[in-house]
Amino acid sequence: MIDFLVIGGGIAGTSAAARLSELGQTLLLERESSLGYHASGRSAALYESNYGLASTVALSKASSDFFHNAHGGFLSPRGLMFIAAHGQKDAFAKACEEFHVDPISIDAAVAKVPILNPETVGQVAFHEAAFDIDTDRMIQTFAKQVRDNAGTVLTGQEVTAIARTKRGWDVTSNDETYSAKIVFNAAGAWVDSIARLAGVEPLGFTPMRRSMARIPAPGGHDLSGWPMILDIHETWYAKPDAGSLLVSPAEEDPMQPFDAWPDDMVLAEGIARYQEYVTEEVTQLTASWAGLRTFSPDRNLVLGPSTEDSTFFWVAGQGGYGFQSAPAASQYVADQIAGRASELDQKTCDALSPERFA
């Protein structure tokens, strides 16, 4: 019998498995052929510690040292620009206050992003302390940590049965059964389905589609120094990536768990909203895709044991904040198992606890 069995090989499950592997024998099961295939593999990959609900911000800030210093660091400079249309001064002021960002002049904004259209862009704010995350290296680093601690990472594993036993759990995957003392449910959009398999009451998670289009560099510009650009109402965003520009309609369309694909009309509407603020027309998409961002009913993460069975542990509801919260979230999971005091404040711990749904 192993100590810890983690279901789900996205950033949430992989980071949790890495921390747990320091405490006991750990097995990580991922359904797809590679780690980080679904939401983690389709992330905007930005670290902005002021973004999200209070509990998410607390996790992101607690992750800062890891991002900047662990394993040589995982961040590179990007910056985040907020833009608003003319006539949106009140909403712009509120966004500046919420995200702790400072307004800059239109001229300064155009100097950073030459395609901004002053005829439609009324206000701009900029936050330098936003960074690109090396997401693949981060997942692989956590997976290596599991293996270095004599743990096991298995991909291509379809979990088909989970049964409670006197000593823990029997988890069946690919016709093989693994016995574990504690099961960790980090299955992303499928967390409620995994709970049902285990006979645990689902918490009501909602997977929501988020689409993305890749377009050629607008106007042939060098985008390497451009920031990520976010409409203050979050109806679209754009982010440089490998010489191209990623544009998202930032939609949140509820979906059943599945390997998501974009809706062409939703993409077109999002690109149209983006084009209102820039001078370069989008004439070509070089690629498009979608992922599912999964939220709990109150949109806080859920990190803790089930109120029905303390050996069934939720690592769920990361929404769009999985990478930026993962270092602290996984540490909090391990602290609970080890019986250690967490560096997170009690209010944050309460906001993350499954007990709030009891």
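Here the structure is shown first, and the text comes after it.
Bear in mind the structure is a predicted one, so any value in this text is a computation, not a measurement.

Asker: Hey, could you run me through the packing of helix α1 (residues 11-20) against helix α9 (residues 322-338) in this one?
Answerer: Packed helix pairs are characterised by how far apart their axes lie and by the angle those axes make with each other. At their nearest, the axes of α1 and α9 sit 8 Å apart, and the two run at 40° to each other. Considering how the two elements wind past one another, α1 and α9 form a crossing that is right-handed. Of the residues in α9, those in contact with I11, S15, A16, R19 and L20 of α1 are G322, F323, A326, P327, S330, Q331, V333, A334 and I337.

Asker: What is the right way to look at unusual backbone geometry in this model?
Answerer: Glycine aside, residues mostly have negative phi, and peptide bonds are mostly found in the trans state. Here H100, not a glycine, exhibits a phi torsion of approximately 55°, which is positive. Assignment of secondary structure puts H100 in the loop between α4 (89-99) and β6 (102-104). Overall, the relative accessible area of 55% leaves H100 in the exposed class.

Asker: Hey, could you run me through the nonpolar core in this one?
Answerer: A general feature of soluble globular proteins is that nonpolar side chains tend to end up buried together. The biggest cluster of nonpolar side chains holds 39 residues, and the ones touching the most others in it are L59, M138, F184, L303 and V315. With six residues, α9 is the largest single contributor of residues to this core. If you look at the next biggest cluster of nonpolar residues, it comprises 29 residues, including I7, A180, I194 and A260.

Asker: For this particular structure, what's the right way to read the pattern of salt bridges?
Answerer: Oppositely charged side chains may form a pair once their charged atoms are brought near each other. As enumerated under the stated definition, the model contains 17 salt bridges in all. Taking the shortest distance from any N to any O, the salt bridge between R31 and E32 comes out at 3.5 Å. R31 gets classed as partly exposed once you look at its relative accessible area, which sits at 34%. Its salt-bridge partner being E251, residue R209 comes within 3.2 Å of it at the nearest N-O pair. Remark: E251 occurs in the loop between β16 (244-248) and β17 (253-254) and R209 occurs in strand β13 (residues 206-215); sequence separation between them is 42 residues. Exposure remark for E251: the relative accessible area of 8% places this residue in the buried category. Residues participating in the shared-partner salt-bridge network are R210, E252, R293 and R299.

Asker: What exactly am I supposed to notice about the packing of aromatic side chains here?
Answerer: Describing an aromatic ring pair means giving the distance of the ring centres and the angle of the ring planes. Under the definition given, this model contains 15 aromatic pairs. Measuring from ring centre to ring centre gives 6.2 Å for F66 and F67, while their planes differ by 80°; the resulting arrangement is edge-to-face. Take F66: its relative accessible area is 12%, and that puts it in the buried class. By relative accessible area, F67 is classed as buried at 0%. Positioned above the aromatic ring of Y37 is the side chain of R42, whose terminal nitrogen or guanidinium carbon lies 5.2 Å from the ring centre. The positively charged end of R164 is found above the aromatic ring belonging to W169, 5.2 Å away from the centroid.

Here is what the cut-offs are and how they apply
- Residues numbered from 1 in each chain as written.
- Predicted model: local features only at pLDDT ≥ 70, side-chain atom pairs only at ≥ 80, totals over all residues.
- Heavy atoms only, no water.
- Axes fitted to C-alpha atoms, helices over the stretch in contact; angles between N-to-C directions.
- Helix = DSSP H or I, 4+ residues; strand = E, 2+ residues; numbered from the N terminus.
- Left-handed = near helix turned anticlockwise from the far one by under 90°.
- Contact = heavy atoms within 4.5 Å.
- Buried < 20%, exposed > 50% of the residue type's maximum accessible area, 1.4 Å probe, protein only.
- Core = buried A, V, L, I, M, F, W, Y, C linked by side-chain atoms within 4.5 Å.
- Salt bridge = Lys/Arg side-chain N within 4 Å of Asp/Glu carboxyl O.
- Phe/Tyr/Trp six-rings, centres within 6.5 Å; stacked < 30°, edge-to-face > 60°.
- Lys NZ or Arg CZ within 6 Å of the ring centre and 35° of its normal.

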